[in-house]
Amino acid sequence: MTTFQNLSLPINLLENLKSLGYETPTPIQEQSIPLLRDNKDLIAQAKTGSGKTLAFLLPLILKLDENEHFPQALIIAPTRELCEQISGEANKLARYKKDVKVITLYGGTSLRTQVASLEKGADILIGTPGRLLDHFSRETIHLGEIKTLILDEADRMLDMGFADDILKLVSNLPKQRQSILFSATYPENIDKLTKVILKNPVEVKIVSKEKEVTIEEFVYEVDDKDKALLTTLKHFQPNLALIFCNTKVKTTEVSDMLHKQGFDVATLNGDLEQYERQEMLLQFANGSLPVLVATDLAARGLDIDGIDLVINYDTPMKTEDYTHRIGRTGRAEKSGLAVTLCDEYGMRKLSEIKPQLKAENISTLTPNKNFYMQGEVATLCIDGGKKKKVRAGDILGTLCKEIGIEPKEIGKINVYQKNSYVAIKKTVIKKAFNGLKSGKIKGKNLRVWWLD
Ligand code: AMP
């Protein structure tokens, strides 16, 4: 078995890895790290959870020149969440070195604050394509000394239509550099990026050894999809249900219909601001809104435990989309259930993308007409987060010790940079809300409001 010691790493880095609890390299790390230290360009196929972030960060951090004043590495990633995750990992990994500065640059947050951080200097830039390009055109980032370029989740960036932005950015990087591309899948159009960006890349592919999970798949051919959707929900009675539509307009229509029928529903589509998306997902994940109606935006990367039913209200357009959508259930080795509702057109589409699936008659389902999906909890938002040094424990302390809420009446607590969110049983939420409004968290009066 390979250990980190076998990879001949400096002792202080080995100690840091140990303190982080990383004992042995994962297969993607074992294969990629030597190649990357050898300055090879690399295409790696690996999924989230494989240890891919450390695979590309470790050689990069080893290579950083402490005397360089400009950014030496550029990491491009599809979403703000992924940028934050990579940055967190980079900061942990680099703590054995002096003053490694990592800056994240994504949309939905103030450009001015980002410029102020950039002015203080950075070694590693991690950003989304659009915001990076924005900074580049304003000349607020200097890309002339970049020695390593990393594209993370390249397939997702292609999916989100970022190819041109990426190519524009890359055309402004020094030609002498190492380029690395990580992707969970290799869609056909990936060579749009690989051909232009990478030089004689080595390929590494990790065959996933994850335990196969079983997702039961059902198809119903129906005339009235709204009615069929209600029948499906009331028959299977899930705890958390994710419903996919093909268009933004449809997500809103389906959400409104379900809401009128007494379901607590979240909607996720590209029309929402970044913070609204975060709040929708959070309320879904913490059970305040146990139904999520979404476009394919939620089909990739979304890793929420406990989604026990995925419904394709609209038939996906590609086999790949079908796979990604239904992959949102059956996570963490639990089994899952996927239902596709097809009208005549949908049936034709389905026979092209998943010919092996056969439709059943929806009249075999036995809906419980008294079943509704309503959150037992609702979510309060608090105007204070990591920046104000608020921690989950502080919120819990105020709620339990000062306001008299029982721990079992409190659900998930999420603390972000500016805000924190806490799920609370609806039976005591008024008490919690009034208590937080007039009380103090960490000695501060913080504004509180209710999400709905
Ligand atoms: P990733 O695939 O990069 O999203 O990583 C998945 C998780 O595995 C992260 O929480 C890492 O901190 C963790 N991880 C990465 N490498 C190792 C390792 N060699 N041993 C144990 N955990 C690891």
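Structural data are supplied above this passage.
Reading the values: the criteria
- Residues numbered from 1 in each chain as written.
- Predicted model: local features only at pLDDT ≥ 70, side-chain atom pairs only at ≥ 80, totals over all residues.
- Heavy atoms only, no water.
- Patch = residues over 30% accessible without salt bridge, like charges linked within 9 Å, V, L, I, M, F, W, Y side chains within 5 Å.
- Areas by Shrake-Rupley, 256 points an atom, 1.4 Å probe, with all protein chains shown as cover.
- Salt bridge = Lys/Arg side-chain N within 4 Å of Asp/Glu carboxyl O.
- Lys, Arg positive; Asp, Glu negative; His and termini not counted.
- Charge placed at Lys NZ, Arg CZ, Asp CG, Glu CD.
- Helix = DSSP H or I, 4+ residues; strand = E, 2+ residues; numbered from the N terminus.
- Near = heavy atom within 4 Å.
- Polar contact = N/O pair within 3.5 Å; in protein donor to acceptor, adjacent residues only side chain to side chain.
- Pairing = 2+ DSSP bridges.
- Axes fitted to C-alpha atoms, helices over the stretch in contact; angles between N-to-C directions.
- Contact = heavy atoms within 4.5 Å.
- Parallel < 35°, antiparallel > 145°, perpendicular 65-115°, else oblique.
- Left-handed = near helix turned anticlockwise from the far one by under 90°.
- Nonpolar A, V, L, I, M, F, W, Y, C, P; charged D, E, K, R; others polar.
- Buried < 20%, exposed > 50% of the residue type's maximum accessible area, 1.4 Å probe, protein only.

Asks: I'm lost on a negative patch on the surface in this one. Help?
Replies: Residues E221, D223, D224 and E344 make up a contiguous surface patch of negative charge. By the element assignment, D223 lies in the loop between strand 8 (215–221) and helix 10 (225–236).

Asks: Looking at this model, I keep getting lost on the site of the ligand. Mind explaining?
Replies: Lining the immediate surroundings of the ligand are 14 residues, of which Y22, Q29, G49, G51 and T53 lie closest. Interatomic distance of 2.7 Å between a side-chain N/O atom of Q29 and a nitrogen atom of the ligand. Take S50: an N or O atom from its main chain is 3.0 Å from an oxygen atom of the ligand. Considered on its own, the ligand offers 500 Å² of accessible surface; in the complex 71% of this is hidden by protein.

Asks: I keep staring at the sheet that holds strand 18 (residues 448–451) and nothing clicks. Help me out?
Replies: The strands making up a sheet associate through backbone hydrogen bonding, with each pair oriented either parallel or antiparallel. Strand order in this open sheet of four strands is 16-17-15-18, and the pairing throughout is antiparallel. The open sheet is flanked by strand 16 (410–415) and strand 18, the only strands paired with a single partner. Recorded for the sheet is a direction-independent mean angle of 25 degrees between the axes of neighbouring strands. In this structure, strand 16 lies alongside strand 17 (residues 420–425), joined through four bridges in antiparallel fashion. Within the sheet, the bridge partner assigned to V415 lies in strand 17 and is S420. The strands that helix 12 (residues 274–285) touches are strand 15 (377–382), strand 16, strand 17 and strand 18; relative to strand 17, the one it contacts most, it runs at about 35 degrees.

Asks: In this structure, what is going on with the packing of helix 6 (residues 129–137) against helix 8 (residues 163–170)? I would like to understand it.
Replies: Following both chains from N to C, one finds helix 6 and helix 8 inclined at 40 degrees, their axes separated by 9 Å at the closest point. In terms of axis orientation, helix 6 runs oblique to helix 8. Between helix 6 and helix 8 lies a crossing of left-handed hand. From helix 6, P129, G130, L132, L133 and F136 reach across to helix 8, where they touch D165, I166, K168 and L169. In terms of residue class, the contact of helix 6 with helix 8 is built from six nonpolar, one polar and two charged.

Asks: Teacher, can you tell me more about the packing of helix 3 (residues 52–63) against helix 4 (residues 80–93) here?
Replies: To describe two helices that pack against each other, one gives the angle between their axes and the distance between the axes. The interhelical angle for the contact between helix 3 and helix 4, taken along N-to-C directions, is 50 degrees, at an axis separation of 10 Å. It follows that helix 3 is oblique to helix 4 by the angle criterion. For the pair helix 3 and helix 4, the crossing hand works out as right-handed. Counted together, K52, T53, L54, F56, L57, L58 and I61 of helix 3 and L82, I86, E89, A90 and L93 of helix 4 form the full contact between these two elements. Looking at side-chain class alone, the contact of helix 3 with helix 4 contains nine nonpolar, one polar and two charged residues.

Asks: Please clarify how the side chain of T340 should be interpreted in this entry.
Replies: Along the chain, T340 turns up in strand 13 (residues 336–342). Taking the relative accessible area as the measure of exposure, T340 reaches 0% and is therefore buried. Residues within four places of T340 in sequence aside, it is in contact with F218, V219, Y220, N312, T315, Y322 and L350.

Asks: Could you clarify how one ought to interpret the sheet that holds strand 6 (residues 178–183) in this entry?
Replies: A sheet is described by the order of its strands in space; here seven strands give the open sequence 3-4-2-5-6-1-7, paired in parallel fashion. Lying at the two open borders of the sheet, with one neighbouring strand each, are strand 3 (102–105) and strand 7 (202–205). Geometrically, the sheet is characterised by an average inter-axis angle of 15 degrees between neighbouring strands, direction not taken into account. Pairing analysis gives four bridges linking strand 5 (residues 148–151) to strand 6, with the strands arranged parallel. Within the sheet, the bridge partner assigned to L149 lies in strand 6 and is S179.

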